[in-house]
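Okay, here's what each chain looks like letter by letter:
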Amino acid sequence: MPYLTLLIPLVALPRLPQAETLRIATFNTELSRKGPGLLLRDIERGEDKQIAAVIAVIAEANPDILLLQGIDWDYNNQALKALTQRLAQAGSPYPHLFASQPNAGLATELDLDGDGRLGGPGDSQGYGDYTGRAGLAVLSRSPLVLDEMQDLSALLWREIPGATLPQHPDGSPFPSPQAQAIQRLSSTAHWVLPIMLANGQRLTLLCFQAAPPLFDGAEDRNGLRNADEIRLWQVFLDGLLPVELAPPPTRRFVIVGGANLDPNQGDGRRDSIAQLLQDRRLQDPLPYSTQANTATVDWGEGRRMRVDYLLPSKEWQVAAAGVVWPESDSSPAAHASRHRLVWVDLVLD
């Protein structure tokens with residue numbers, strides 16, 4: 001029996017009848033494969049149970065705007081287009097999409113991770129052993145204003161105001177001055193993407209996926225980078241990035257994506273996400289599930305954390321928010337990803 005029979009209702013996600021709302025969601029699908037082109041192959045074959053589960057989760061939540069994390073990128077967005085075709089067949093069409101090459105898997109000629117070797121996945125601008133590994137993508141039912149999109153992904157880490165760069169015990173740059181001279185801050189991407197809504201309002205998505213603050217040494221390279229990737233949004237909103245960039249949005253924006261950091265538990269510099277959550281320009285709708293409270297990922301062995309976020313700017317009225325946590329082992333969300341789809345409903349004026 002085809003695995004798409006998982007499209008039976010998995011969780012009730014009602015919208016408030018008294019107000020017109022916009023549902024925005026983020027979902028780290030973990031749709032990354034062992035090499036380029038393999039995700040497209042698996043989507044087109046139609047036999048992959050994980051892909052079917054991802055489609056079921058998205059179709060049931062039915063967001064109007066969706067940021068996908070952890071999805072492989074290719075030059076013509078063929079895999080993303082194939083996925084949207086499957087979503088349309090499942091009753092969840094997205095006529096507008098955007099994805100671009102992530103820093104993950106973007107190879108360099110230097111030793112960026114300090115392991116003394118060249119050409120490894122840690123020597124890419126973001127960890128990855130092939131071009132396009134585990135990128136970002138936006139799917140939308142409203143038009144994307146692509147000619148005004150700002151891609152912050154090429155900003156160098158050392159050029160960000162207040163950057164804290166890793167050092168050797170003697171205080172010299174880790175792993176080398178040459179590496180820090182080319183090291184980008186974004187491990188995957190940071191996008192500023194305007195969207196034109198049907199009511200004439202403009203919404204700006206601030207999209208990102210930060211590196212895990214783990215898998216390094218005493219220099220805490222990944223922990224420091226994770227913290228500055230999160231802090232970049234506050235630097236951007238403060239208007240402190242290079243002048244050639246357009247001014248930051250002052251209203252009607254949503255920070256959306258993966259911080260890879262829980263404010264209350266786990267490794268990493270938790271102050272960075274705590275400070276973002278407390279920023280007065282933002283509000284935290286605290287998406288919630290009855291099964292796991294505010295957790296958005298299950299790393300196994302009882303390690304459930306909040307690492308995926310939707311943070312609307314303060315002028316939005318939040319109607320509802322939630323996390324699609326599996327109700328049982330047979331739920332599609334249990335088979336799609338270790339991460340859970342997170343959603344928020346915003347009231348349209």
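Up top is the structure these notes are about.
Being a predicted model, the structure only gives us computed values, none of them experimental.

**A word on the packing of aromatic side chains**
Geometrically, a pair of aromatic rings is defined through the distance of the ring centres and the angle of the planes.
Piece 1. Applying the stated rule across the entire model yields four aromatic pairs.
Piece 2. Consider the rings of Phe208 and Trp233, whose centres lie 6.1 Å apart with planes at 85°: the pair is edge-to-face. Linking Phe208 in strand S7 (residues 202–209) with Trp233 in helix H5 (residues 221–237), this pair joins segments that are 25 residues apart in sequence.
Piece 3. On the basis of relative accessibility, which here comes to 1%, the residue Phe208 falls in the buried class.
Piece 4. Between Trp233 and Phe236, the aromatic rings sit 6.0 Å apart at their centres with planes inclined by 75°, giving edge-to-face as the arrangement. Taken together, the residues Trp233 and Phe236, both in helix H5 and three residues apart, mark about one turn of the helix.
Piece 5. Members of the aromatic cluster, connected to one another through ring pairs, are Phe208, Trp233 and Phe236.
Piece 6. The ring centre of Tyr94 lies 4.4 Å from the NZ or CZ of Arg141, which sits over that ring.

**A closer look at the pairing of strand S2 (residues 65–71)**
Piece 1. With seven of its seven residues buried, S2 lies for the most part within the structure.
Piece 2. In terms of strand pairing, strand S1 (residues 21–31) meets S2 through six bridges, oriented parallel. Note that in S2 the partner of Ala25 across the bridge is Leu66.
Piece 3. Of the strand pairs in this sheet, S2 and strand S4 (residues 135–140) are connected by six bridges, and their pairing is antiparallel.

**Some words on the sheet that holds S1**
Piece 1. Taken in spatial order, the six strands line up as S3-S4-S2-S1-S13-S12 in an open sheet, and their pairing is mixed. Looking at strand neighbours, the two that pair on one side only are strand S3 (96–98) and strand S12 (318–323), the edges of this open sheet. Averaged over all neighbouring strand pairs, the angle between strand axes comes to 15°, with direction disregarded.
Piece 2. Two strands pair when backbone bridges link them, and S3 and S4 are joined in this way by three bridges, in the antiparallel orientation. Bridge pairing in S4 links Phe98 to Val138.
Piece 3. Along the sheet, helix H2 (residues 49–61) contacts S1 and S2; its crossing angle with S1, the most-contacted strand, is approximately 170°.

**Details of the packing of helix H1 (residues 38–45) against helix H3 (residues 78–89)**
Piece 1. Where H1 meets H3, the closest approach of the two axes is 9 Å, and the angle between their N-to-C directions is 20°. When the axis of H1 is compared with that of H3, the two are roughly parallel. Note that H1 runs across H3; the crossing there is left-handed. In this structure, H1 contributes Leu39, Leu40 and Ile43 to the contact, and H3 contributes Gln78, Ala79, Ala82, Leu83 and Arg86.
Piece 2. Its residues assigned to classes, the contact of H1 with H3 comprises six nonpolar, one polar and one charged.

**Quick word on the sheet that holds S7**
Piece 1. Spatial strand order, S5-S6-S7-S8-S11: five strands in an open sheet with mixed pairing. Two strands bound the open sheet, and with one partner strand each, they are strand S5 (150–151) and strand S11 (308–312).
Piece 2. As paired elements, S5 and strand S6 (residues 189–196) share two bridges and run antiparallel to each other. Bridge pairing in S6 places Asp151 opposite Trp191.
Piece 3. Together, S5, S6, S7 and strand S8 (253–258) form the strand contacts of H5, whose direction differs from that of S7 by roughly 150°.

**Some thoughts on H3**
Piece 1. For H3, which comprises 12 residues, the first-to-last C-alpha distance of 17 Å matches the rise-based estimate of 16 Å (1.5 Å per residue) to within 8%.
Piece 2. Those residues of H3 not exposed but buried are Ala79, Leu80, Ala82, Leu83, Thr84, Arg86 and Leu87.
Piece 3. Contact partners of the buried residues in H3: S1, H1, H2, S2, S3 and S4.

**Remarks on the nonpolar core**
Piece 1. Within the largest apolar cluster, 31 residues are counted, with the highest numbers of intra-cluster contacts made by Phe27, Ile58, Leu66, Leu68, Ile71, Leu83 and Leu341.
Piece 2. The element contributing the most residues to this core is H2, with seven residues.
Piece 3. Excluding its chain neighbours within four sequence positions, the residues that come into contact with Ile58 are Phe27, Pro63, Leu66, Leu68, Leu87, Ser92, Tyr94 and Leu341.
Piece 4. Of all hydrophobic cores here, the second largest spans 28 residues; its members include Leu193, Ala292, Ala295 and Val323.

About the thresholds
- Every chain is numbered independently, its residues counted from 1 as its sequence is written.
- It should be noted that, the model being predicted, local features are given only for residues of pLDDT at least 70 and side-chain atom pairs only at 80 or more, the latter also being counted only at that level, while totals for whole chains, interfaces and linings use all residues.
- As a rule here, side-chain values come from all non-hydrogen atoms in the structure, and water together with hydrogens is ignored.
- Paired rings are identified among Phe, Tyr and Trp, the last through its six-membered ring, by centres lying within 6.5 Å, and are further divided according to the angle between planes into stacked (under 30 degrees), edge-to-face (over 60) and tilted (the rest).
- Only DSSP runs of H or I reaching four residues or more are called helices, and only runs of E reaching two or more are called strands; each is numbered from the N terminus.
- When a residue's accessible area, from a 1.4 Å probe over protein chains only, is under 20% of the maximum for its type it is buried; when over 50% it is exposed; and in between it is partly exposed.
- Charge-over-ring placement is defined geometrically: NZ (Lys) or CZ (Arg) within 6 Å of the ring centre, and within 35 degrees of the ring normal.
- We treat two strands as partners when DSSP finds at least two bridges between them.
- The angle between two axes is taken between their N-to-C directions and runs from 0 to 180 degrees, where each axis is a line fitted to C-alpha atoms and a helix contributes only its stretch in contact.
- Contact between two residues is taken to exist if any of their heavy atoms lie within 4.5 Å; hydrogens are not considered.
- Each angle receives one of four descriptions, namely roughly parallel if under 35 degrees, roughly antiparallel if over 145, roughly perpendicular if within 65 to 115, and oblique otherwise.
- For any pair of crossing helices, the crossing counts as left-handed if the nearer helix is rotated counterclockwise from the farther one by less than a right angle, and right-handed if it is rotated clockwise.
- Note on residue categories: nonpolar means Ala, Val, Leu, Ile, Met, Phe, Trp, Tyr, Cys or Pro, charged means Asp, Glu, Lys or Arg, and polar means any other residue, Gly included.
- To estimate the expected span of a helix, subtract one from its residue number and multiply by 1.5 Å.
- Nonpolar cores were defined as sets of buried Ala, Val, Leu, Ile, Met, Phe, Trp, Tyr and Cys residues, with membership established by side-chain atoms within 4.5 Å.

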